[in-house]
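Listed here are the chains, written in short residue letters.
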Amino acid sequence: MTVTDTAHAVDPERGTLAKAADENFPVAPFFLPRAWRTDLMAVYGFARLVDDIGDGDLAPGGADARLLGVPDDRADDRLLMLDAFEADLRRVFDGSDGSDGAPRHPLLRRLLPTVRRRALTPEPFLGLIAANRQDQLVARYETYDDLLAYCELSANPVGRLVLAVTGTSTPERIRRSDEICTALQIVEHLQDVAEDLQRDRVYLPAEDMKRFHVQETDLAAPSANASVRALIAYEAARARDLLNEGAPLVGSVHGRLRLLLAGFVAGGRAALNAIAAADHDVLPGPPKSGKVHLLREAGVVLRGEG
């Protein structure tokens, strides 16, 4: 059991929030206003927990299941856990302050004041739950459009929540944010091809695998053959195009939010550069980019040069 798992078993709220330090992108960096950091961490706690439920990554001990009213012997039933989590989420939005109607899970009790302060709507949260429910039922995607529809649920709600928390939502910004978030989700899928396959999930579109003559057995190899590398390069180019389409979002905002959004775009580009530097061989593990490279990319984004 890891230190985080131990903390989670003792305190599910603290254990989940501690995972923010291990994310690919800063969740609530120090340079943001305190009120934004508080609300972004509340949103993160929800998103992290729903992903952990969907991936079967909850800490041992069943504390989360008990908080959600799920019997110990059903704690491994991910669909049941997601249903219980959704029911608890709805308590956040039902307007009740009574003990009977208050959310059961401490992460959702933490979310409650954020929802009220920022007038957040249920749709982005329900989308994230739906994405994790879909992960239990759909393990392969036939077309790129099918994958984009999944990203609409699994990734785009996060960007929309960031805009809502910071009070900067407009239709154009939401569109740009969706492009960035979808791109980042695709990048993560490319980094995690081997890990996802171990979970019996493949996020590379089947039609593209056929086009590049890639079989699933090729993805289980210790390193990528030429066909797999060509496929990864193709999907990486798609992700880079989406990042470039969404990048004007950064220039449409000001101050510290601009720094945060530039970091997201720069992180995606740096990850794609690392994949390219590894000759698109992602099977040994996610290629990593250095901090200097990330800062250089952030400077390019902030200057609007790329």
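Residues numbered from 1 in each chain as written. Predicted model: local features only at pLDDT ≥ 70, side-chain atom pairs only at ≥ 80, totals over all residues. Heavy atoms only, no water.

Draft legend 1. Inspection of the overall build of the protein at higher detail. Of the regular secondary structure elements, the protein holds 17 helices and zero strands. Taken over C-alpha atoms, the radius of gyration comes to 19 Å for the protein, in line with the 19 Å a tight globule of 306 residues would show. Each of the three principal axes of the protein carries a C-alpha extent, and together these read 60 × 45 × 35 Å. Burial statistics for the protein: of 306 residues in total, 50% are counted as buried. Once local pairs closer than 6 in sequence are excluded, the contacts in the protein between residues at least 24 apart make up 68%. Element-wise, carbon and sulfur atoms account for 53% of the exposed surface of the protein, whose accessible area totals about 14,000 Å². A gap of 7 Å separates the mean positions of the 36 positive and 46 negative side-chain charges of the protein. (Helix = DSSP H or I, 4+ residues; strand = E, 2+ residues; numbered from the N terminus. Rg over C-alpha atoms; globule rule 2.2 N^0.38 Å. Buried < 20%, exposed > 50% of the residue type's maximum accessible area, 1.4 Å probe, protein only. Contact = heavy atoms within 4.5 Å. Areas by Shrake-Rupley, 256 points an atom, 1.4 Å probe, with all protein chains shown as cover. Lys, Arg positive; Asp, Glu negative; His and termini not counted. Charge placed at Lys NZ, Arg CZ, Asp CG, Glu CD.)

Draft legend 2. Fine view of the packing of aromatic side chains. A complete count under the given rule lists eight aromatic pairs for this structure. Seen from their ring centres, F30 and F31 are 5.7 Å apart, and the 80° between their planes marks the pair as edge-to-face. Taking 5.0 Å as the distance between ring centres and 85° as the angle between the ring planes, the aromatic pair formed by F46 and F125 counts as edge-to-face. Highlighted residues: F46 in helix α3 (residues 34–55) and F125 in helix α7 (residues 123–137), separated in sequence by 79 residues. Each member of the pair, F46 as well as F125, carries the same accessibility label: buried. Among the aromatic residues, those joined into a cluster by ring pairs are F46, F85, F93 and F125. Taking the ring centre of Y234 as reference, the NZ or CZ of R211 above it sits at 4.7 Å. Looking at R238, its charged tip hangs above the ring of Y144, at a distance of 3.7 Å from the centre. (Phe/Tyr/Trp six-rings, centres within 6.5 Å; stacked < 30°, edge-to-face > 60°. Lys NZ or Arg CZ within 6 Å of the ring centre and 35° of its normal.)

Draft legend 3. Seen up close, the packing of helix α9 (residues 156–165) against helix α10 (residues 171–191). Between α9 and α10, the shortest axis-to-axis distance is 8 Å and the interhelical angle comes to 135°. Taken as axis vectors, α9 and α10 run oblique relative to one another. Here the hand of the crossing between α9 and α10 comes out right-handed. In this structure, α9 contributes N156, G159, R160 and L163 to the contact, and α10 contributes R173, I174, S177, D178, C181 and T182. For the contact of α9 with α10, the residue count by class is three nonpolar, four polar and three charged. (Axes fitted to C-alpha atoms, helices over the stretch in contact; angles between N-to-C directions. Parallel < 35°, antiparallel > 145°, perpendicular 65-115°, else oblique. Left-handed = near helix turned anticlockwise from the far one by under 90°. Nonpolar A, V, L, I, M, F, W, Y, C, P; charged D, E, K, R; others polar.)

Draft legend 4. A look at helix α14 (residues 226–246). Its 21 residues place the ends of α14 30 Å apart at the C-alpha level, agreeing with the 30 Å of an ideal helix rising 1.5 Å per residue. Here α14 starts with a cap whose side-chain oxygen sits 3.1 Å from the backbone nitrogen of S227, and that cap is N225. (Expected span 1.5 Å × (residues − 1). Polar contact = N/O pair within 3.5 Å; in protein donor to acceptor, adjacent residues only side chain to side chain.)

Draft legend 5. Representation of empty space enclosed by the protein within the structure. Counted under the stated rule, the structure contains two cavities of 30 Å³ or more. Contributing to the lining of the largest cavity are H189, V193, D196, R201, V202, Y203, L204 and L219. Considering only residue class, the lining of the largest cavity consists of five nonpolar, one polar and two charged. Looking at the second largest cavity, its volume works out to about 40 Å³. What lines the second largest cavity is simply L147, I186, H189, L190, Y203, L204, P205 and E235. No other element matches α10, which puts three residues into the lining of the second largest cavity. Here the residues of the lining of the second largest cavity are counted per class, giving six nonpolar, one polar and one charged. (1 Å grid on protein atoms, 1.4 Å probe; cavity = no way out; pocket = protein on both sides within 12 Å on 5 of 7 lines; lining within 4 Å. Points joined across faces, edges and corners; volume = space filled by probe spheres on them.)

Note that every value here comes from positions in space, so none of it alone points to a role or purpose.
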